[in-house]
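Below, each chain spelled out in residue letters.
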There are 2 protein chains.
Amino acid sequence: MNPVHLETLLAIVDEGSFEIAAAVLGVSPSAVSQRIKALEKETGRVLVRRTSPASATEAGQVLVQAARRMALLQAETRSRLQGRLERVPLSVAVNADSLATWFRPVLADVAGFEAATLRLHVEDEAHTLSLLRRGDVLGAITREATPVSGCDSTPLGIMRYRAVATPALRDAHTRGGVLDWATMPALRFGPNDALQDSDLEGRLDDSVRRHRAVSQIPSSEGFLEATRVGLGWSLIPELQAGPLLESGELALLDATVLQVPLHWQRWRLESELLERLTASVAAAASRLG
Amino acid sequence: MNPVHLETLLAIVDEGSFEIAAAVLGVSPSAVSQRIKALEKETGRVLVRRTSPASATEAGQVLVQAARRMALLQAETRSRLQGRLERVPLSVAVNADSLATWFRPVLADVAGFEAATLRLHVEDEAHTLSLLRRGDVLGAITREATPVSGCDSTPLGIMRYRAVATPALRDAHTRGGVLDWATMPALRFGPNDALQDSDLEGRLDDSVRRHRAVSQIPSSEGFLEATRVGLGWSLIPELQAGPLLESGELALLDATVLQVPLHWQRWRLESELLERLTASVAAAASRLG
C-alpha cells in the first residue's frame, strides 16, 4: 500500500475531516478524496465514514493501526539514519482525574523528548481502551488489566476516591448525628459517571436515588471547585482533595475509600520513544501508591 | 401530551440511554420504551434515535425544548404554591476556558439558589449554540451575538488571548532576535481548535504550517500546565496566564491580542431561577472587561 495514502488516512482520522486533512497535508481536498478512493479500491472495503467528524470504519481501523505503527517506526528510523529531527506524535488516552493529578509530570517529560509531540485524548478510564483498540492512540490509562491484542499491560497503582463535601453542606444534611445521603445534593462528572453510581450502592436505595438533586460539572478542576463552594457532595481523588481536607475547607463524609486500579496499556512495539513514554508514565504513577 | 411521557423523553436525552433513564425514573426499561412509543404514535414522528448514546431526532428536539420549558415553569410554580423545595436542573453550555476562569463564581451562586442544580455541558464557544438550538440547555456562553429563535442575547465582554511560551522555548527558537514561529512546537486544545488556527494567519504561511509540531491537550488547566513546562507555545486567556507572566515563568511572544467576544444567550421565559442565573453570569463576566 502506498505510504502517502496511509498518511492521508491518518490525517483524516486525526483531524476529523477531509478538508482539514487536506490543509494539514498541503494538498487539495480532491487529492485527499482520490487517495482514499484508491486505498478503498485496493482493499475492496469502505475505509472512512463520510460523517462529521469523519471516522474510520472497522476495516479502516485495521489500516489505521498498522499505519500508525509504521509511521512511528519510520520516523524513528529516519531520525537515527539522517540525524534529522522529525517530530513523532505520541497519541495517548488518559482519564480526566489522572490528567488533573499524577499524570502532569508526563507533560514535562515529553517536552524534553525533543523528537516527540503529545496528543492527548481525555476519556473515562472505563472507555479509554476502545481508543486503543481502534488504533487512535498508542497507549491508554485504563481500568482494564487484561492486555488487548497486540498490546502490553502494566499496573500503575490505585486511584483512591473519597466522599467529600463542605462542612456546611454536611451539617445542613445531618439529623441527630446521622448524615442523610438522600437529601444532600450531589455532583457528577457527566451522564455516564459509573464511579458516582457504583459508590452510591449501599448508601442509598433505588427509590431514593431517583429523587436526588444532581449537578453535572464535566471538568476535573471545575468539579473540585463546585465541591469547594458547596454545590454538592462528590467523589474526589485523594491526591486532589488532600490540601482542601487539610485546610478544613472540605470534610470527609465517611470512612469508605473507593479504589480504582489503573493500568498502562500500550502497543507491543520496539520503539525508543514508546519505551521512554512508558518509563515516564510509570514514574509519574508512583504518586498513586 | 402526557407530562409523564415528556419527562421520560427528557430523561433519555439527559442520560443518553433507555436503561439509565429507567433507573433514574424508577421504572422498568420496557415502561420507558412504551412511553416513547406512545409519544411517537401521538405525534406520528420518530422522536428518539436508538443509538448509543440515544438522542432526539429533529422532531424530538421540538418536543424536548417545549418539555424543558414546561418542566422549569411547573417546578417553579409547585415550589411557590406548596412551599416545597423542588430542585430544578439549570442546563448551561459553557466553553472550557470560561469554566476555568471567570465563570467559576457562578458555581457558588447556584449553590446558594437552594432550589436548583447546575448541569454544565462543556463545548467550544463556536459550538455551544447548537446545544441551545437543540433544547439541550436553557442558556449558553457563545461567540454569536444574534439571538437564536425564542432566546435573548446579552454581551458579556471580551475574552483576551495572548501567545505565550516559556522563556527557554522562546529563546531556543529565536535567531538573530527574530522568533521563528515555524520551528517552535505548538499546542492545540483539540482537532477543531479554530482559535489556534485563526491566530496563525499572518504568522505562518501554509507551506510551513503543515510541517509544524503540534501537541494536543484537551483540558484548559492541562493546556496551561503543558505551556508552563515547555511542551509548546500556545494561546492562553489573559485571565489565566496573568500570574505566570508576572512571575516570569511564561513570556509573551508578541504584542497581538486575540479578542473573542462572548455572549449569554438564554430562553426568553418568565422564570425567577433563569433571571437569577442570568444575573449571576453577568456579574461573573465583569472580570472580562
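Residues numbered from 1 in each chain as written. Chains lettered and ligands numbered in written order. Predicted model: local features only at pLDDT ≥ 70, side-chain atom pairs only at ≥ 80, totals over all residues. Heavy atoms only, no water.

Going by the annotation in an unreviewed UniProt entry, the name recorded for chain A is LysR family transcriptional regulator ArgP, with Corynebacterium hylobatis given as the source organism. In its Sequence similarities (unreviewed entry) section, the UniProt record describing chain A reads: "Belongs to the LysR transcriptional regulatory family." (UniProt positions renumbered as here; feature names shortened; annotations may be inferred.)

Caption draft 1: How the structure looks around the packing of aromatic side chains. All names here are of chain A. Counting across every chain of the model gives six aromatic pairs over all chains. Measuring from ring centre to ring centre gives 4.9 Å for tryptophan 181 and tryptophan 233, while their planes differ by 75 degrees; the resulting arrangement is edge-to-face. In this pair, tryptophan 181 sits in the loop between strand 8 (178-179) and strand 9 (186-188) while tryptophan 233 sits in the loop between helix 11 (220-228) and strand 11 (234-237), placing the two residues 52 residues apart along the sequence. As far as burial versus exposure is concerned, tryptophan 181 and tryptophan 233 are alike and both buried. (Phe/Tyr/Trp six-rings, centres within 6.5 Å; stacked < 30°, edge-to-face > 60°. Helix = DSSP H or I, 4+ residues; strand = E, 2+ residues; numbered from the N terminus. Buried < 20%, exposed > 50% of the residue type's maximum accessible area, 1.4 Å probe, protein only.)

Caption draft 2: Examining the pattern of salt bridges more closely. Inspection of every chain in the model, using the stated rule, returns 22 salt bridges over all chains. Between Arg160(B) and Glu238(B) there is a salt bridge, with its nearest N and O atoms 2.9 Å apart. Pair noted here: Arg160(B) is in strand 6 (residues 151-165) and Glu238(B) is in helix 12 (residues 238-247), with a separation of 78 residues, a long-range link. Connected through shared salt-bridge partners, Arg160(A), Arg162(A) and Glu238(A) make up one network. (Salt bridge = Lys/Arg side-chain N within 4 Å of Asp/Glu carboxyl O.)

Caption draft 3: Region of the structure containing the relation of the copies chain B and chain A. Taken as rigid bodies, chain B and chain A are interconverted by a rotation of 180 degrees and an axial shift of 0.0 Å, the fit giving an RMSD of 0.0 Å. What the superposition gives is, in effect, a two-fold axis relating one chain to the other. (Least-squares fit on C-alpha atoms with pLDDT ≥ 70 in both.)

Caption draft 4: View of the interface of chain B and chain A. In this complex, chain B contributes 39 residues to the contact, which on the side of chain A involves 39 residues. Summed over both sides, the interface of chain B with chain A buries roughly 3300 Å², with 56% coming from carbon and sulfur. Counting across the interface, chain B meets chain A through two salt bridges. Between the two partners, chain B and chain A, sit ten residue pairs in polar contact (both at pLDDT 80 or more). Residue assignment for the side of chain B that touches chain A shows that the elements contributing at least two residues are helix 1 (3-15), helix 2 (18-25), helix 6 (104-111), strand 4 (116-122), strand 10 (214-216) and helix 11 (220-228) of chain B. Element by element, the count of residues in the side of chain B that touches chain A is highest for strand 4 of chain B, at six residues. Residues of the side of chain B that touches chain A, tallied by class, amount to 21 nonpolar, nine polar and nine charged. (Contact = heavy atoms within 4.5 Å. Buried area = accessible area lost by both parts, 1.4 Å probe. Polar contact = N/O pair within 3.5 Å; in protein donor to acceptor, adjacent residues only side chain to side chain. Nonpolar A, V, L, I, M, F, W, Y, C, P; charged D, E, K, R; others polar.)

Caption draft 5: Layout of unusual backbone geometry. Here the residue pair Ser52(A) and Pro53(A) is connected by a cis peptide bond, since its omega of 0 degrees sits within 30 degrees of zero. Here Pro53(A) shows up in the loop between strand 1 (48-49) and strand 2 (55-56).

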